[in-house]
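Secondary and tertiary structure notes
Listed below, chain by chain, are the residues.
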Amino acid sequence: MAGTASAGAICVAGCSCRSSSRWEFLSDAQAETLAALADQIIPEDDFPSASQAGVIVYIDRQLMGPYRRHRDAYQAGFESADRISREFCGVALAQAPPPIRQEVTSALAEQRSDFFELAREHIMEGYYGSPRHGGNRDAVSWRMLGLEEPPLRGRAKYDLSKGAGS
Amino acid sequence: MNRANAVIVGAGAAGGIVAKELSTAGLSVVLFERGPWYTPADCRKDDLRNQRTTVLGNAFGPEDRGFPRVVVDAGGVARIVRPSDNAYQNNAACVGVGTLSYGAQAWRYMPQDFRMKSVYGTPPGSSLEDWPIGYEDLEPFYDQAEYEIGISGDYAPDPFHGPRRRGLPMPPLPPNREWEILEPAARRLGLHPFAIPMLRNSVPYNDRGPCMRCRWCVGFACEVDAKNGSQNTVIPQALATGNCRLRTRCTAMEILMDESGHACGVEYIDENGRRERQLSDIVVVSACAIESARLLLNSKSRLFPNGLGNRYDQVGRHLQGHYYTGALGYFDRDTYDDIGPGASIAVCDYNHGTPGLCGGGMLANEFIRLPIHMIDRLPPGTPRWGHGHKQAMREWHRRTIIVMGPTQQIPTAEARVTLDPAVKDKWGAPVARIQGNCHPHTFEIGTVQAQRAQTWLQEAGAIHTTLMNSRPQMISAGQHQAGTCRMGTDPRNSVVNQSCQLHDVDNVFVIDGSVHVSNGGFNPALTIMAIAYYASGALLRGWKGARYRS
Ligand SMILES: Cc1cc2nc3c(=O)[nH]c(=O)nc-3n(C[C@H](O)[C@H](O)[C@H](O)COP(=O)(O)OP(=O)(O)OC[C@H]3O[C@@H](n4cnc5c(N)ncnc54)[C@H](O)[C@@H]3O)c2cc1C
Ligand code: SF4
């Protein structure tokens, strides 16, 4: 299930293909590759997967901004992920069945490739970071961690008559 | 404004105080700040872009483009870094600087911190020295900072602090859950825990309200303006005198010299990118340790071909900060109560007095755990990705405590700021090149401190602990940067005298963390503030009513 969880978030095979990508930087194909990887890093369980929570939007947006400098690394990384996937099962990562996706991710992780480390970090940022940047839709990860959202601000929780210390 | 009595470069912790002291005394002051003035309305609690977690950039400057630095690692490899890169050693660039977004721990150094050489000797290869002034010289000014800027806390349970004339103006905030877990454990270990003194309103003070204890504090501005810094105290006071003009988005490029070897003002780039001059009788450099050194080095003239105050190649040396070590404890129950500012409890039992160690450091609980911090802080053996990782995030996010602290750093003359021979900023001035590391004994102290933190967590019931004491490959100066314009009596091994005045030029003062001879086992801001009050007094005593000539 995790493997196709990206369906809601991005244009999947089967929907009418548009000529221009709906992403700011990524091509549709790259977005699918990234979603396949991201949903291995943070799969769906009781809570959404990475791509369901908007992580692809996050990374795509940052590649137009502060992560411009990582564009080449992503391009090369997508290619190497697809290459490994083809070696395993003959098709690119986004088309591979979920068990293969997991194997490809493991292979990338074992290599400790720069791309894997970079993508892992960015996927985590998108999922666990502020929703204002496009990921962590509806602050879903914060809720998952037990953080009230919006945060309860103010003094309701505290007994201000008590002072610290002795 | 035409000629001013004083130009101050940098509206940070120290610069703001100097501006207030001089303008109150009637001097005309121009205060230059390279960054803008943010207000509480600019407070965005953005966990990916603040002043401590900068994955998407610095919230309060400098911006990533146009202001690189060069850092040289232990292997001698130089690389260009941008301001949001950790290796850049950033503080901030805005009115108030760090004091806008800091954690606001407000420590006095201990008397021994000013006499490190006398107490411990100088470890071979280090440049550990005594300060030319002592705790007793600064005590009145610590007090002034505590009351004027505003500090909450209670030193009573701590037997280790230096003599104080009175308590703090505000009581500590009520305890949080980490306090309740850590306090009895510390007592069982025979330690003396107490509430961290904080530059934060716990009750209404200085016409502003108290802390409302929101989720994220350190690294963020405060939306209720309860954090006390120069931007909401001394700088508005300076402006209210009518004698001080604040020039934001204006960057000083060079201190100008006249033919007789006196400074006569600064050249600066204004908010529109134009190169201008501001003439003055006095120049005060308060640009923070790295940029203050750079400004002096970039001020070359006929009499000072190697930079101002740099006759003996001392400017930029002894760069220091703090090497942080500690431990992370995992608990079988919730430790997190989502109540800011988070850090609450400290012990100073370990700052001095351990045989074989040149000092130690304060230990305290950490401020915050952003969700993003947790991804690589899960118990050893946790999968780095996939279901297991996600599950562990849920399990542990609310069940950890970090205890850590700033290790007394043993300085070396080789850890230093110079000018990079090739790389320039967007206005064409050579950028700071940072190289060297602290003395290896620092790491020995840090390791013992980490073990002490671990013991405290274990006593508090941690079911598992990990030490946090990896050794950085370069100096960790960053937010706590200090030491580059050492205070001393001998021009051959220091840059300024005990009044923070350049040995070489009597109307140029360096007043900020640069003058620290050693940096204590504490966060430095309160000491920087005390020095600013102290040095302003010395400066004013030498002010003869018009031009400055001592
Ligand atoms: C997130 C964070 C948390 C912190 N937490 C704590 C804490 O809990 N306790 C503590 O004690 N300290 C803390 N600090 C550190 C504290 O803020 C610094 O120690 C302190 O601000 C340094 O004071 P300073 O006067 O030396 O320099 P600064 O306050 O850095 O002032 C230097 C100013 O000069 C400006 N400037 C530099 N070059 C130029 C130029 N050429 N022209 C014009 N302007 C220039 C800079 O923009 C800056 O505004 C924290 C800092 C940060 C960023
Ligand atoms: S914890 Fe208190 S001082 Fe810190 S930002 Fe929140 S309200 Fe302000």
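Provided above is the structure to which this section pertains.
Notes on the structure follow. (Residues numbered from 1 in each chain as written. Chains lettered and ligands numbered in written order. Predicted model: local features only at pLDDT ≥ 70, side-chain atom pairs only at ≥ 80, totals over all residues. Heavy atoms only, no water.)

**Some words on the overall build of chain A**
Selection rule: Helix and strand definitions here come from DSSP, where helices need a minimum of 4 consecutive H or I residues and strands a minimum of 2 consecutive E residues; each element is numbered from the N-terminal end. For every residue, the accessible area (1.4 Å probe, protein chains only) is compared with the maximum for its type, and the residue is labelled buried under 20%, exposed over 50%, or partly exposed between those bounds. Residues count as neighbours in contact if any of their non-hydrogen atoms are within 4.5 Å of one another. To be clear on the numbers: accessible area is Shrake-Rupley with a 1.4 Å probe, and residue cover counts the displayed protein chains and nothing else.
The secondary structure content of chain A amounts to 6 helices and 0 strands. Secondary structure elements of chain A occur, N-terminal to C-terminal, as α-α-α-α-α-α. Split into buried and exposed, the 166 residues of chain A put 51% on the buried side. Looking at chain A alone, contacts between residues at least 24 apart form 58% of all its contacts between residues at least 6 apart. A total of about 7500 Å² of accessible surface is found on chain A, and carbon and sulfur atoms cover 50% of it.

**A few points about the layout of surface pockets**
With a probe scaled to a water molecule rolled over the atoms, the places where space remains empty come into view. Residues and elements named next belong to chain B. Using the following cut-off: Cavity: a set of points on a 1 Å grid over the protein atoms alone where a 1.4 Å probe fits but cannot get out. Pocket: an open set with protein on both sides within 12 Å along at least five of seven lines, its lining residues, like those of a cavity, having an atom within 4 Å of a point. Grid points are joined across faces, edges and corners, and a volume is the space filled by probe spheres set on the points. Side-chain classes follow a simple rule in which Ala, Val, Leu, Ile, Met, Phe, Trp, Tyr, Cys and Pro form the nonpolar group, Asp, Glu, Lys and Arg form the charged group, and the remainder, Gly included, forms the polar group.
By volume, the second largest pocket is sized at about 410 Å³. Arg34, Gly35, Glu63, Phe67 and Arg249 are the residues nearest the centre of the second largest pocket, which is lined by 23 residues in total. Looking at the lining of the second largest pocket residue by residue, the classes come out as 10 nonpolar, 6 polar and 7 charged.

**Quick word on the environment of B:Arg115**
Mapping B:Arg115 onto the fold places it in the loop between α2 (98-101) and α3 (116-120). Taking the C-alpha atoms as reference, B:Arg115 lies 44 Å from B:Arg275; in sequence the two are 160 residues apart.

**Some thoughts on the environment of B:Val315**
All names here are of chain B. Relative to the elements of secondary structure, Val315 occurs in the loop between α7 (289-297) and β10 (323-330). C-alpha of Val315 to C-alpha of Val95: the two residues are 220 residues apart in sequence and 25 Å apart in space. Leaving out residues up to four positions away in the same chain, Val315 has contacts with Ala293, Leu296, Leu297, Leu308, Gly309, Asn310, Arg416, Val417, Thr484 and Val495.

**Examining α7(B)**
Counting buried residues along α7(B), 9 of its 9 residues qualify, which places the element largely inside the surrounding structure. Listed in full, the buried residues belonging to α7(B) are B:Ala289, B:Ile290, B:Glu291, B:Ser292, B:Ala293, B:Arg294, B:Leu295, B:Leu296 and B:Leu297.

**Here's the deal with the side chain of B:Asp337**
Residues and elements named next belong to chain B. Let me state the cut-off plainly: Counting rule for charge: Lys and Arg are taken as positive, Asp and Glu as negative, and neither His nor the chain ends is counted. One speaks of a salt bridge when a side-chain nitrogen belonging to Lys or Arg is within 4 Å of a carboxyl oxygen belonging to Asp or Glu. Within 3.5 Å is the distance limit for a polar contact, defined as a pair of N or O atoms, with the added protein rule that one can donate a hydrogen and the other accept it, and that residues adjacent in sequence qualify only through two side-chain atoms.
Mapping Asp337 onto the fold places it in the loop between β10 and β11 (345-347). Nearest to the buried, unbridged Asp337 among oppositely charged side chains is Arg177, at 4.9 Å. At 2.6 Å, the side chain of Asp337 and the backbone nitrogen of Arg177 are in polar contact.

**As for the site of ligand 2**
Stated formally: Proximity is defined per residue: if any heavy atom of the residue lies within 4 Å of a molecule or strand, that residue is considered near it.
Taken together, B:Lys45, B:Arg200, B:Cys211, B:Met212, B:Arg213, B:Cys214, B:Cys217, B:Cys222, B:Val224, B:Lys227, B:Gly340 and B:Pro341 make up the full set of residues near ligand 2. Its residues assigned to classes, the shell around ligand 2 shows 7 nonpolar, 1 polar and 4 charged.

**Digging into the interface of chain B and chain A**
Where we set the bar: In this description, buried area is defined as the sum, over both parts, of the accessible area (probe of 1.4 Å) that is lost when the two are combined.
Facing 43 residues of chain B, the contacting portion of chain A comprises 50 residues. Carbon and sulfur atoms supply 57% of the area buried between chain B and chain A, which totals about 4000 Å² over both sides. For the chain B face of the interface with chain A, the top three residues by lost area are B:Arg384, B:Trp385 and B:Lys390, together amounting to 19%. B:Asp46 serves as the salt-bridge partner of A:Arg132, at 3.6 Å between the closest nitrogen and oxygen.

**Side note on the site of ligand 1**
Residue and element names in this part refer to chain B. Glu33, Arg34, Asn91, Val97 and Ala525 are the nearest of the 37 residues found near ligand 1. One of the side-chain nitrogen or oxygen atoms of Arg34 is found 2.7 Å away from an oxygen atom of ligand 1. Taking Gln479, its main chain carries an N or O atom lying 3.4 Å from an oxygen atom of ligand 1. Only α1 (13-24), β2 (29-33), α2, β7 (251-257) and α11 (525-541) provide two or more residues apiece to the shell around ligand 1. Here the residues of the shell around ligand 1 sort into 18 nonpolar, 15 polar and 4 charged.

**Some thoughts on the sheet that holds strand β12 (residues 363-365) of chain B**
Whenever strands of a sheet pair, they do so through backbone hydrogen bonds, lying parallel or antiparallel. All names here are of chain B. For clarity, the threshold we go by: A pair of strands is considered paired only if DSSP assigns at least 2 bridges between the two. For helices, the axis comes from a line fit to the C-alpha atoms of the stretch in contact; other axes are also lines fit to C-alpha atoms, and the angle between any two N-to-C directions lies between 0 and 180 degrees.
The strand order β5-β11-β12-β13-β10-β16 describes an open sheet built from 6 strands, whose pairing is antiparallel. Both outer strands of the open sheet, β5 (194-195) and β16 (464-468), are each paired with one neighbouring strand and no more. Bridge analysis of β12 against strand β13 (residues 400-407) gives 2 bridges, and the strand direction is antiparallel. Looking across to β13, one finds that Ala364 is bridged to Met404. Where helix α5 (residues 177-188) meets the sheet, its contacts fall on β5, β11, β12 and β13, and the angle it forms with β13 comes to roughly 65°.

**Describing the packing of helix α3 (residues 71-89) of chain A against helix α5 (residues 114-128) of chain A**
All names here are of chain A. Counted only if it meets this: Roughly parallel covers angles under 35 degrees, roughly antiparallel covers those over 145, roughly perpendicular covers 65 to 115, and oblique covers all other angles.
For the pair α3 and α5, the least separation of the axes is 10 Å and the interaxial angle reads 110°. Relative to α5, the element α3 lies roughly perpendicular. Along the contact surface, α3 presents Ala73, Tyr74, Gly77 and Phe78, while α5 presents Phe115, Leu118, Ala119 and His122. Classifying every residue of the contact of α3 with α5 gives 6 nonpolar, 2 polar and no charged.

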